[in-house]
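# Coordinates in review
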Amino acid sequence: MRRPVIAGNWKMFKTRGEAVTFIEELKPRVANVTHCEVVVAPPFTALADAAQAAKGSGIGIAAQDVHWDAEGAHTGDVSPKMLLDAGCSHVIIGHSERRHDHGETDEEVNRKLKAALAAGLTPIVCVGETLEERESNQTQQVLQRQFQGGFAGLTPSEFSRIIMAYEPVWAIGTGRTATPEQAQESHAYLRELARAQFGEERAQAVRILYGGSVKPENIKGLMAQQDLDGALVGGASLKVGSFAGIIDYPAA
Ligand code: 13P
């Protein structure tokens, strides 16, 4: 049984105070939630305060990026050890905004992933095609390249500690969600890639989240898909009401 994960990616939103207020309001809303894991990803500056506020609540705290070195001359970067020190349990790696804004490659994703695993963090690794790639029928080719590059050299046991996220770039922040069938098709393909590289057991166990304009109104249809194990939510994770509405998908 794969335990679903509902994760909120706050991107470049919320000050420390706003993050703490959000977590304090979210805590009672998730106190009795057992059907899924709940994670939020504040910006670097708010991680420690958010982690402090979330203590004992079961809410996991994720960073939005990480460097592969433990320390060094890398201005502006943050290491796995620093994320642990701030109270993080998870880290998002390879988000399309980092791939596009910062030219992050599959090879860098792979280095970050290995460093995060070595430090004991749970990586949430993002893959997904652009609109142009989808329209030219390259979706599977792109997913295969990102999967094989991003997960190169991992052992099956390392792979079993990863959460994947399928985020079609054309669905991010556009209001244009993939249909449940489109999402399912890519999720099943990713699971097939996992099977080929890491074997049946690991492929069946890996959680694959969907991301791209997820809202309380569309989460139920997405979660009904066989290979969809949760969501990575951007815009709708910024308000407690809509994020809690997504977490409560069984009641939707
Ligand atoms: P939106 O939910 O705002 O489309 O963002 C999705 C996303 O990028 C989550 O990582």
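What this report covers is the structure whose coordinates are included nearby. (Residues numbered from 1 in each chain as written. Predicted model: local features only at pLDDT ≥ 70, side-chain atom pairs only at ≥ 80, totals over all residues. Heavy atoms only, no water.)

### Regarding the overall build of the protein
Definition in use: Note on conventions: DSSP H or I runs of at least 4 residues are helices, E runs of at least 2 residues are strands, and numbering of each starts at the N terminus. Only the C-alpha atoms count toward the radius of gyration. The rule for a globule is 2.2 Å times the residue count to the power 0.38. Only protein chains enter the calculation, and the probe is 1.4 Å; a residue is then buried if its accessible area is under 20% of its type maximum, exposed if over 50%, and partly exposed in between. In this analysis, two residues are considered to be in contact whenever any of their non-hydrogen atoms come within 4.5 Å of each other. For the area figures, the Shrake-Rupley method with a 1.4 Å probe applies, and any residue is considered shielded solely by the protein chains shown. Just so you know, the count uses Lys and Arg for positive and Asp and Glu for negative, and it drops His and the chain ends. Every charge is mapped to an atom, namely NZ of Lys, CZ of Arg, CG of Asp or CD of Glu.
Of regular secondary structure, the protein possesses twelve helices and eight strands. In terms of overall dimensions, the protein is globule-like: its C-alpha atoms have a radius of gyration of 17 Å, near the 18 Å expected for 252 residues. Seen through its C-alpha atoms, the protein measures out along the principal axes to roughly 50 × 45 × 35 Å. Among the 252 residues that make up the protein, the fraction classed as buried is 52%. Counted over contacts in the protein with a minimum sequence separation of 6, partners at least 24 positions apart contribute 72%. When the accessible surface of the protein is totalled, it reaches about 11100 Å², and 50% of it is carbon and sulfur. Mean positive and mean negative side-chain charge positions of the protein (25 and 31 charges, respectively) differ by 4 Å.

### Considerations on the packing of aromatic side chains
The following threshold applies: Each Phe, Tyr or Trp ring (for Trp, its six-membered ring) is paired with any other whose centre lies within 6.5 Å, and the angle between the two planes then decides the class: stacked below 30 degrees, edge-to-face above 60, tilted in between. Our definition puts a charge over a ring when NZ of Lys or CZ of Arg is within 6 Å of the ring centre and also within 35 degrees of the ring normal.
Enumeration according to the criterion identifies eight aromatic pairs in this entry. Ring geometry for Trp10 against Phe22: centres 4.8 Å apart, planes inclined by 75°, an arrangement best described as edge-to-face. Of the two residues, Trp10 is situated in the loop between strand E1 (5-9) and helix H1 (16-30) and Phe22 in helix H1; the sequence distance between them amounts to twelve residues. Assigned by exposure class, Trp10 and Phe22 land together as buried. Members of the aromatic cluster, connected to one another through ring pairs, are Phe147, Phe151, Phe159 and Phe198. The ring of Trp10 has Lys14 sitting right over it, with the charged end atom 5.3 Å from the ring centre.

### Side note on the packing of H1 against helix H2 (residues 47-54)
Geometrically, a packed helix pair is captured by the angle between its two axes and the distance between the axes. Which entries qualify depends on this criterion: Orientation is described by lines fitted to C-alpha atoms, with helices fitted over the stretch in contact, and by angles between N-to-C directions that extend from 0 to 180 degrees. Orientation labels follow simple angle bins: below 35 degrees gives roughly parallel, above 145 gives roughly antiparallel, 65 to 115 gives roughly perpendicular, and whatever is left gives oblique. By the definition used in this description, the sense in which the near helix is turned from the far one sets the handedness, with an anticlockwise turn below a right angle giving left-handed and a clockwise turn giving right-handed. Asp, Glu, Lys and Arg are counted as charged, while Ala, Val, Leu, Ile, Met, Phe, Trp, Tyr, Cys and Pro are counted as nonpolar; the rest, among them Gly, fall into the polar class.
The contact between H1 and H2 brings their axes to 9 Å, and the two run at 20°. Classed by the angle they form, the pair H1 and H2 counts as roughly parallel. Helix-helix and strand crossings are classified by hand; for H1 and H2 the assignment is right-handed. Residues Arg16, Val20, Ile23, Glu24 and Lys27 of H1 form the contact with H2, whose own contacting residues are Asp49, Ala50, Ala53 and Ala54. Classifying every residue of the contact of H1 with H2 by side-chain character gives five nonpolar, no polar and four charged.

### Topic: the site of the ligand
Heads up, the condition is: Whether a residue is near a molecule or strand depends on its heavy atoms: if one lies within 4 Å, it is near. Under this definition, polar contacts are N or O atom pairs within 3.5 Å; protein pairs additionally need one hydrogen-donor-capable and one acceptor-capable atom, and for neighbouring residues in sequence, both atoms have to be side-chain atoms.
Surveying the vicinity of the ligand reveals the residues Asn9, Lys11, His95, Glu167, Ala171, Ile172, Gly173, Gly212, Ser213, Leu232, Gly234 and Gly235. With respect to the ligand, the side chain of Glu167 contributes an N or O atom lying 2.9 Å from an oxygen atom. Interatomic distance of 2.8 Å between a backbone N/O atom of Gly235 and an oxygen atom of the ligand. With the chains in place, 94% of the 310 Å² that the ligand exposes on its own is no longer accessible. Within the shell around the ligand, the residues separate by chemical class into three nonpolar, seven polar and two charged.

### Focus: unusual backbone geometry
Within the chain, Asn137 stands out as a residue other than glycine whose phi angle is a positive 60°. For Asn137, the location among the structural elements is in the loop between helix H6 (131-135) and helix H7 (139-150). For Asn137, a relative accessible area of 72% gives the class exposed. At Ser213, a residue that is not glycine, the phi angle is positive and equals roughly 55°. Mapped onto the elements, Ser213 comes out in the loop between strand E7 (207-211) and helix H11 (219-223).

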